[in-house]
Amino acid sequence: MADPRIIIVGAGPAGTRAAEACVQAGIRPIVLDEGRRDGGQIYRRQPDNFTRPYAKLYGTEAPRAQALHETFDGLKDRIDYRAETLVWNIADGHVRTATRTMESALPFDALLLCTGATDRLMPVKGWQFAGAYSLGGAQVALKSQAVSIGHKVVFMGSGPLLYLVASQYVQAGADVVAVLDTAPYSARIKALPDLLAVPSVLWNGVALTLALKRAGVMVRNSVKPLEILGNVEDGLSGIRFRVGAGAEQTIACDAVAMGHHLRPETQLADLARCAFAFDPVTRQWLPERDGDGRSSVAGVYLAGDGAKILGARSAEASGRLTALAALGDLGLPVDKGEMASLRGDVGTYAKFARGLATAFPWPAEQAGALPDEAILCRCEGVTAGDLRAVMRETGAKEANRAKAFSRVGMGRCQGRYCGLAAAELIAAQADIPVEQVGRLRGQAPVKPLNISIGDTDA
Amino acid sequence: MSRFVRLGETDRPSLTLHVDGAPIAALEGDTLMVALLSQGAALRQSEFGPERRAGFCLMGACQDCWVWTESGDRLRACSTLAAPGQRILTSQPEASWPTHA
Amino acid sequence: MSAASDVIIVGGGLMGSSAALFLRGHGLSVTLLETDLIGRQASGTNFGNVRRQGRPIHQLPLANRAIDIWRRSRELLGADVEYLQSGHIRVCYRERPELVGSMEEYADKARAEGLDLELLSGNALRDKFPFFGADVLAGSYSATDGHANPRLAAPAFARAAERLGAVIHEHTKIVDAQKIGEDFVVSAADGRTFRAPILLVTAGAWGNALSSQFGEPVPIVPRGPNMSVTEPVPYAILPAVGVMTPVEEETVYFRQVARGNIVLGGSTRGPSFPDQYRAYVEPQNTVSQLKHIRRLAPALGKLNIIRVWSGIEGYLPDSQPVMGPSATTSGLYYAFGFSGSGFQIGPGVGETMAEIIAQGATDIPIAPYTIGRFAKG
């Protein structure tokens, strides 16, 4: 048999470690990545002509980031690396790629999806105004472009990234006005037993909060976001919120970084026809996989945060583990002992991730409480009231049905940023469990695809 | 008015591009988004609402930062580098194929 | 225990939903049974052409009946199904000049059926529709055709029927139908049964499963439309646009909705799987569709598509539906297998089937659609 054809989608922590395992086994995998450079989002690399050192860019994670980048640089001659390449569809044992207007169909024996994550968003009235950014976006601005998203920045939402990015902004000299965490402090105490699974990460988080307070940043827990203030021309001008049952407060700012932890990018798993199951801890639909990353579809493997949010450290372990599983399935010799040890690592991070979900809960109830005039779907400009009216008129209470009638999730982003909140709103309005609402089906193209695709003269 | 604030890496060579017909200066290595928002408040007009938009995710996922070239091509501002001579529009060009039916 | 009514309709697409509405207008009690949700397959995933031109001449009376319903759909349904009478232009390419003669011939016959078409070429065509590419030779323009939103249409008909008293059961998969005495007894997978003296099968690609139970199998083939939609762009293209060609791959069409998105359809249809309730868009068909769209309207080459989709359609060998009474069983009626061309005529089919069932006859010619044409021997 000729060398097995392995395709890895994504060049972040999981994809890099998967590629490394393939190369060590004597295989030259194809690595497809949308980014201009490897590293993914969390270890995103700055442009070539930027000079900030690793310690400044990645803080406590600098050694990991550097090791990952150096690994990838060392692999480049031994992999078929295609940057700025979108995988827009998968069918019949081929991934379909687009690089500008060039289109290719690449056959595979094993496909490793290491597609990473994007921010999970809970809409707040006014979040369509210029100056509202996702938390991950705020971090990309700083890490990859050395800019702050505004002159006076508020961080609002929940999750470890909230504190991490806020403190990175402070350290870089940005004016951080406040960190508004929707999670109650008590939730973190409750989550301690699970969080202790990875004490160093837990301690990093505690240190970040202390550093923020020392820097004079207002940090609040149990926040109920009410409204992002602003106007249609100049954008954002402030935030109105409440702490617990307290009085309404308003903070002036020109930027807000918002997010509630992350959600996996599962569209390619969906297009590859992988089975999904509802995860009650994160209230998300996740592609099913076994302990080694095998999906329900033979030859399709899932690793890293693109399958389930377990963090960058876990992604490195699961990327390698999944690649070893794929290599073993293809009949190549693999180290069973190493696989067992990697499984143990992934399990540890899984416990920690469960702790994070407890400590920084997704505020599902906020979706049901969105005022009618609040924009729910930013792409299509659909309000919470529009969706509720459609539900009343048509009786729709299934995610794709509600989308078909209301256009929620029908826009350019394909529901990445409104889909989970829309499902919670539907569940609240229909008084049904959110899993009964179902999930938005993934539809090609995964990202917008130019009509000139395949036009060799373009 | 600017939206983004540069916090470092400012010793890069500068370049000039045009936005809505007027020249602006940017730095080599800037994304189009950073180039535009370092000297302006927004990138584009929302199709379905009255507000201006300035991008959201910065990682090519939300599709909120598409701008246009004067020749009608679409560019995602967060994942396209600014380049000398680019001629960018922040409002969608009116269709060049009007019908009179 | 059976739920009883005057008529059972199996299949909640546009045909079944509109038939339910018009049957209520005749005062008959109606039970509409749908496997999944109303209008989710062929009726909800098609291109949305409300187009008469290009249909067989014998179908134009039915299409004319349908256009009257589309025009008053807002009042009739109490809902906006985004119907726009904004025209339809059908063009042919320079490499097939003989098709201009076919267009002229068709226009002459269509005029006799009340459909006025304007033939355009050269500067007249390009002045009116400057977006056409250099390969486009001539076009036939129908000012009174247009388009509507398929996602909204069938559900709006079903809701209107429900308001008038039709009983609709979604998530009701029918596994058996028999005539016992004077009544049809229809059984669902979960054991529920429904009883009525009249049965109307509007089950699209699944229609053959029921017609076969009454000794009338038809050679239906499931396929799926090949659909894409662009990002929103300024609203400027009023008519629906399509290509006249004998080559399936070249057969593309597009329309712009008032919000600005341009819906693209055509080129090679995909496979669909009625048993699994799934239809897939083959990537190669998307690529080929976009190639032929660029040829038809090069300016669209600048745009991005943001979504593709398909659904389950039933095709018959002569591309004509089965529509009318059963040849074997009294009280049994069919309207399925619309072969990718049912959306415009859908409401007319519903009104005509209601008329046949309630009054025993119709002036609309339906002979070409008899199920008897597939009878052996």
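Residues numbered from 1 in each chain as written. Chains lettered and ligands numbered in written order. Predicted model: local features only at pLDDT ≥ 70, side-chain atom pairs only at ≥ 80, totals over all residues.

### Details of the overall build of chain C
Right, so step 1: What chain C contains, in helices and strands, is 10 helices and 24 strands.
Right, so step 2: Relative to the compact-globule value of 21 Å for 377 residues, chain C shows a C-alpha radius of gyration of 20 Å, a close match.
Right, so step 3: Along the first, second and third principal axes, the C-alpha set of chain C runs to 65 × 45 × 40 Å. (Helix = DSSP H or I, 4+ residues; strand = E, 2+ residues; numbered from the N terminus. Rg over C-alpha atoms; globule rule 2.2 N^0.38 Å.)

### Comments concerning the sheet that holds strand 14 (residues 223–231) of chain A
Residue and element names in this part refer to chain A.
Right, so step 1: Taken in spatial order, the three strands line up as 14-15-16 in an open sheet, and their pairing is antiparallel. The strands lining the two open edges of the sheet, one partner per strand, are strand 14 and strand 16 (248–252). Adjacent strand axes in the sheet meet at a mean angle of 25° when their direction is disregarded.
Right, so step 2: Bridge count between strand 15 (residues 235–243) and strand 16: five bridges; the pairing is antiparallel. The residue of strand 16 that forms the bridge with Arg 242 is Glu 248. (Pairing = 2+ DSSP bridges. Axes fitted to C-alpha atoms, helices over the stretch in contact; angles between N-to-C directions.)

### Quick look at the interface of chain A and chain B
Right, so step 1: Each partner contributes residues to the interface: chain A has 44 residues there, and chain B has 32 residues.
Right, so step 2: Looking at the side of chain A that touches chain B, the elements that each hand over two or more residues are strand 8 (117–119), strand 9 (132–134), helix 4 (135–145) and strand 10 (147–148) of chain A.
Right, so step 3: The biggest single contributor to the side of chain A that touches chain B is helix 4 of chain A, with five residues.
Right, so step 4: Its residues assigned to classes, the side of chain A that touches chain B shows 18 nonpolar, 16 polar and 10 charged.
Right, so step 5: Both strand 10 of chain A and strand 1 (residues 5–6) of chain B contribute to a ladder of two bridges, which runs antiparallel. In the sheet register, Ser 148 of chain A faces strand 1 of chain B, and the bridge partner there is Val 5 of chain B. (Contact = placed C-beta atoms within 7 Å. Nonpolar A, V, L, I, M, F, W, Y, C, P; charged D, E, K, R; others polar.)

### What about the packing of helix 5 (residues 160–172) of chain A against helix 7 (residues 199–214) of chain A?
Residues and elements named next belong to chain A.
Right, so step 1: Here helix 5 crosses helix 7 at 45°, and the two axes come no closer than 9 Å. One way to sum up the angle between helix 5 and helix 7 is to call them oblique. Crossing of helix 5 against helix 7: the hand is left-handed. In this structure, helix 5 uses Pro 160, Tyr 163, Leu 164, Ala 166, Ser 167 and Val 170 to contact helix 7, whose residues at the interface are Gly 205, Leu 208, Thr 209, Ala 211 and Leu 212.
Right, so step 2: Of the residues contributing to the contact of helix 5 with helix 7, the split by class is eight nonpolar, three polar and no charged. (Parallel < 35°, antiparallel > 145°, perpendicular 65-115°, else oblique. Left-handed = near helix turned anticlockwise from the far one by under 90°.)

### Re helix 10 (residues 346–359) of chain C
Residues and elements named next belong to chain C.
Right, so step 1: With 14 residues, helix 10 ought to run about 20 Å at 1.5 Å a step, and its terminal C-alpha atoms sit 20 Å apart, in line with that.
Right, so step 2: Here helix 10 lies mainly inside the structure; 12 of its 14 residues are buried.
Right, so step 3: Within helix 10, burial applies to Gly 346, Pro 347, Gly 348, Val 349, Gly 350, Glu 351, Thr 352, Met 353, Ala 354, Glu 355, Ile 356 and Ile 357.
Right, so step 4: Backbone geometry just downstream of helix 10 places Gly 360 in the positive-phi region, at approximately 85°. (Expected span 1.5 Å × (residues − 1). Buried ≥ 20, exposed ≤ 12 C-beta atoms within 10 Å, placed from the backbone.)

### Quick word on the domain arrangement of chain A
Residue and element names in this part refer to chain A.
Right, so step 1: Taken domain by domain, chain A comprises domain 1 (6–118 + 263–356), domain 2 (121–260) and domain 3 (365–437).
Right, so step 2: The C-alpha centroid of domain 2 is placed 28 Å from the C-alpha centroid of domain 1.
Right, so step 3: Each side of the interface is counted separately: domain 1 has 16 residues, and domain 2 has 14 residues.
Right, so step 4: Residue contributions to the side of domain 1 that touches domain 2 peak at seven residues, all from helix 10 (residues 336–359).
Right, so step 5: Residues that form the side of domain 1 that touches domain 2 fall into these classes: five nonpolar, seven polar and four charged. (Domains from an automatic or database assignment.)

### Quick notes on the domain arrangement of chain C
All names here are of chain C.
Right, so step 1: According to the domain assignment, chain C consists of domain 1 (2–47 + 151–219 + 317–374) and domain 2 (88–143 + 226–310).
Right, so step 2: Here the C-alpha centre of domain 2 lies 30 Å away from the C-alpha centre of domain 1.
Right, so step 3: Contacts between the two partners involve five residues from domain 1, matched on the other side by eight residues from domain 2.
Right, so step 4: Of the residues in the side of domain 1 that touches domain 2, the class split is three nonpolar, one polar and one charged.

### Some thoughts on the sheet that holds strand 13 (residues 218–220) of chain A
Residue and element names in this part refer to chain A.
Right, so step 1: Strand order in this open sheet of five strands is 9-17-11-12-13, and the pairing throughout is parallel. Only two strands of the sheet have a single partner each, and these edge strands are strand 9 and strand 13. In this sheet, adjacent strand axes meet at a mean angle of 15° when their direction is disregarded.
Right, so step 2: Pairing analysis gives three bridges linking strand 12 (residues 176–181) to strand 13, with the strands arranged parallel. Residue pairing in the sheet places Leu 180 in a bridge with Arg 220 of strand 13.
Right, so step 3: The strands touched by helix 5 within the sheet are strand 11 (153–158), strand 12 and strand 17 (255–260), with strand 12 carrying the most contacts at an inclination of about 175°.

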